[in-house]
Amino acid sequence: MSTAGSLGTCAYNTRPAREALRTRGVFQHSPWQDSKWTQYKWTVYRGTAYDLTSFIERHPAGNWLINLAIGRDCTALFESYHLRPKVASEQLKRLPVLQDFPVEAVPSSPYPNDSDLYNTIRERVRREVFKGQDAKGAHRTGSGKAAVAILGYAAAACAAYLFDTGPTTGFLLGLAGAWIGLTVQHCGNHGAMSTSPVVNKAMGLTDDLIGGSSLMWRYHHQVSHHIHCNDLELDEDVFSAFPFLRFDARMPRKWFHKYQHIYMWGAYPFLQLVFQLGDWQGLLENQTEGTHLHGANAFEKATVVLGKMVHYSIIAVIPAMLHGWPAAALGSAAYMATQGVVLAATFAVSHNVAEAKPLASGSATTSSLLTDYQERDWGVQQVLTSANWGGRIGNFFTGGLNLQIEHHLFPAISFVHYPAIAKIVRDECEKRDIPYAHYDTLPEIVGRFSRYMQQVGLADQMPLQDGSLLQHTGAQRL
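Only a predicted model underlies this, so the values are computations on that prediction, with no experimental measurement involved. (Residues numbered from 1 in each chain as written. Predicted model: local features only at pLDDT ≥ 70, side-chain atom pairs only at ≥ 80, totals over all residues. Heavy atoms only, no water.)

A. Representation of the packing of aromatic side chains within the structure. Across all of its chains, the model carries 16 aromatic pairs by this definition. On the numbers, 5.2 Å between centres and 75° between planes, the contact of Tyr118 with Trp378 is edge-to-face. Of the two residues, Tyr118 is situated in helix α6 (residues 116–129) and Trp378 in helix α19 (residues 378–384); the sequence distance between them amounts to 260 residues. Grouping residues by exposure puts Tyr118 and Trp378 together as buried. (Phe/Tyr/Trp six-rings, centres within 6.5 Å; stacked < 30°, edge-to-face > 60°. Helix = DSSP H or I, 4+ residues; strand = E, 2+ residues; numbered from the N terminus. Buried < 20%, exposed > 50% of the residue type's maximum accessible area, 1.4 Å probe, protein only.)

B. Inspection of the nonpolar core at higher detail. With 43 residues, the main nonpolar core has Ile121, Val125, Leu173, Leu409, Phe410, Ile413 and Val425 as its most contacted residues. Mapped onto this core, the elements with two or more residues apiece are α6, α7 (144–163), α8 (167–182), α9 (184–189), α19, α21 (404–409) and α22 (418–431). Broken down by element, this core gets its largest block of residues, 7 residues, from α7. For Val125, the contacting residues outside a window of four places in its chain are Phe130, Phe410, Ile413, Ile421 and Ile424. Core analysis: the second largest hydrophobic core is formed by 29 residues, Ala249, Tyr268, Phe347 and Tyr439 among them. (Core = buried A, V, L, I, M, F, W, Y, C linked by side-chain atoms within 4.5 Å. Contact = heavy atoms within 4.5 Å.)

C. Focus on empty space enclosed by the protein. Scanning all chains against the criterion turns up 6 cavities of 30 Å³ or more. Of the pockets and cavities examined, the second largest cavity occupies roughly 80 Å³. What lines the second largest cavity is simply Ala61, Trp64, Leu65, Gly188, Asn189, Gly191, Pro197, Asn200, Lys201 and Arg218. Only α3 (63–67), α9 and α10 (197–204) provide two or more residues apiece to the lining of the second largest cavity. For the lining of the second largest cavity, a count of residues per class yields 4 nonpolar, 4 polar and 2 charged. (1 Å grid on protein atoms, 1.4 Å probe; cavity = no way out; pocket = protein on both sides within 12 Å on 5 of 7 lines; lining within 4 Å. Points joined across faces, edges and corners; volume = space filled by probe spheres on them. Nonpolar A, V, L, I, M, F, W, Y, C, P; charged D, E, K, R; others polar.)

D. Structural detail: helix α15 (residues 271–285). With 15 residues, α15 extends 21 Å from end C-alpha to end C-alpha; this agrees with the ideal 21 Å at 1.5 Å per step. Inspection of α15 places Leu271, Gln272, Gln276, Asp279 and Gly282 among the buried residues, and these make up the whole buried set. Taken down its axis, α15 places every buried residue within 150° of arc, on the same side. In this structure, α15 carries Val274, Leu277 and Leu284 as exposed residues pointing more than 90 degrees from its buried face. As for α15, its buried residues are in contact with α12 (214–226), α14 (260–267), α16 (298–323) and α17 (325–347). Following α15 by one or two positions, Asn286 has its phi on the positive side, about 60°. (Expected span 1.5 Å × (residues − 1). Arc of directions from axis to C-beta.)

E. Inspection of the packing of α15 against α17 at higher detail. Between α15 and α17, the least distance of the axes is 7 Å, while the angle of their chain directions is 95°. Classed by the angle they form, the pair α15 and α17 counts as roughly perpendicular. Residues Leu271, Gln272 and Phe275 of α15 pack against Tyr335, Met336, Gln339, Gly340, Leu343 and Ala344 of α17. (Axes fitted to C-alpha atoms, helices over the stretch in contact; angles between N-to-C directions. Parallel < 35°, antiparallel > 145°, perpendicular 65-115°, else oblique.)

F. Representation of the environment of Ser414 within the structure. Along the chain, the position of Ser414 falls in the loop between α21 and α22. Apart from residues lying up to four places away in sequence, Ser414 is in contact with His139, Arg140, Thr141, Gly142, Ser143, Cys187 and Ala192.

G. Seen up close, the pattern of salt bridges. Overall, the coordinates contain 18 salt bridges when judged by the stated rule. Here Arg250 ties to Asp248 by a salt bridge, and the two come within 2.7 Å at their closest N and O atoms. Among the salt bridges present, the one from Asp279 reaches Lys308, with a minimum N-O distance of 2.7 Å. Residue Asp279 is located in helix α15, and its partner Lys308 is located in helix α16; the two are separated by 29 residues in the primary sequence. By the burial criterion, Asp279 is buried, and Lys308 matches it. (Salt bridge = Lys/Arg side-chain N within 4 Å of Asp/Glu carboxyl O.)

H. Summary view of the pairing of strand β2 (residues 48–51). Here 4 bridges tie strand β1 (residues 42–45) to β2, and the two strands are oriented antiparallel to one another. In the sheet register, Val44 faces β2, and the bridge partner there is Ala49. The hairpin formed by β1 and β2 contains 2 residues between the paired strands, and Arg46 there has a positive phi angle of roughly 50°. (Pairing = 2+ DSSP bridges.)

I. Layout of the layout of surface pockets. Reported here for the second largest pocket is a volume of approximately 640 Å³. The wall of the second largest pocket is formed by 33 residues, among which His59, Ala61, His82, Val87 and Arg140 lie closest to the centre. With 4 residues, helix α5 (residues 86–92) is the largest single contributor of residues to the lining of the second largest pocket. Each residue belonging to the lining of the second largest pocket can be placed in one class, and the counts come to 18 nonpolar, 11 polar and 4 charged.

Have a look at this one:
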C-alpha cells in the first residue's frame, strides 16, 4: 500500500524533488511515517508546516472540513473555501509552526490566491452579490427551502417504496436518491448548506442514506477532483474508470474504446454498485483512488459502516421482510439503475465535453492542462475544465451542478447564489478572452458529452507534458 508520499499517487512540488525521489526511491524522512511528525496533525500552507491539533475542534466550519487538510498541502483547500483571502492565513499565523519539517516531501498544492482572474471575480462577488455580508455567513445560506422540498419528496418516495416495493417505487426513490446526491449532500459536505457545522454534517450524512459515503465523497471530491479538475494524474474522476472508460486522450487507447460512447450507457445503471464497492475498499485501505484519508477520525470512518447498514435496511432488508425478496430485488435494482443514470447524465457531462478537455491541439484547455500543474493559473483552469448548462431551473434540480464553472470557483457558496455569480464570471472571462462553455439545455450538453466520448475513444494518445508525474513513474497508475 502506497502512502501520500509514494510514487504513482500524486505529484511532487519541484522537479528536483521528483528527480531525487526517482533516484532514492522514497524520501528519507517521510512525515507520514516519521514519529517526529506523526505526533502532530500537521498541514502545509504556502511552504510552511503548521500544527492544527489545537484548532481542529475550534474551526468555525466544524472539524470534518478541516480534517481534509491534515497530512497534505492545504493551500488550495483553504484559499478556495474562504471568500475573504486573509481568513486562512491570519488564522494560521496563530498556530504553531513546525520547524525543520520536510516540506519538500509533501506534494504541493495550487495557489488560488495567485490567480488574477479568481481574485477579481471573488472581490466582485463579495461586493456585488453579498454586499459585504459574507463575513456573517451570507454566502452559506439560502438553500434551506430547497432542502425541505427535496427531503420532503425523498421521505414521500421512501414511504411509497416501503409500502409497495417494486420497480415503479424503486424508480421514484432512485430519483430522490439522485436528487439528494446532487443537492443536499453535495452542498452539506461542502459546508455550504448552512452557517451551522451541525446542519452541514447532517445534510452531508444523507449521502450515506442514499448508498454513498460522505467521508469518501469529501476526500475524493474535494481533495482530488475540485483542486485538480481534469488533471490526468491528480483528479480521481479522470482516471478511476480507466481502462473501462477513457475520459482523456492522454490515456492509452484500447480497441474497445471506440465503442465506449455506446456501452457506457449500459454501464451507468451499475454506477451505484461501483460506488458501494469503492467505499468499502476505501475504508479498508484508508484511501480513495486519488487521495489518502489522513485526517479521517474514528467517527467519520464509523459513518461508512453505519450508513451502509441503514441504506441496505431501507433498500433491501425491510422491503424483503414486508414484501419478499423478489420484490426487494426488483425495487433495489430499479433504485440503483435510476440513480446511476441520473447522476451520470447530470454530473459527468460537466467536465467531459471537448471544450473542457485537452482534445483539440492549440486550444486554451489543452494549453492549460499540458502545462505543469504548478505553473497553471488555478482560476483559469477551473473555468476551462468545466461546462455549464441551463439556468435557474437546472440550478434548483441539480444543486448548482449545472453551473459547474461557478461551483468549482466557489464550492463553499450555497448553490442558490450561482446564477448571480455566473453573470460576473462570464463578464470577467469575456474581458480576458477566456472561453466560457455554456449549453442552453441538458439534452444539448448530454449529446455533446456522447460525441466527446466517441471522439476521445478514437483519438490517438497524446504525449504527456514535460515534468509529468507519469513520466517519472512509468505510468504506474495507468
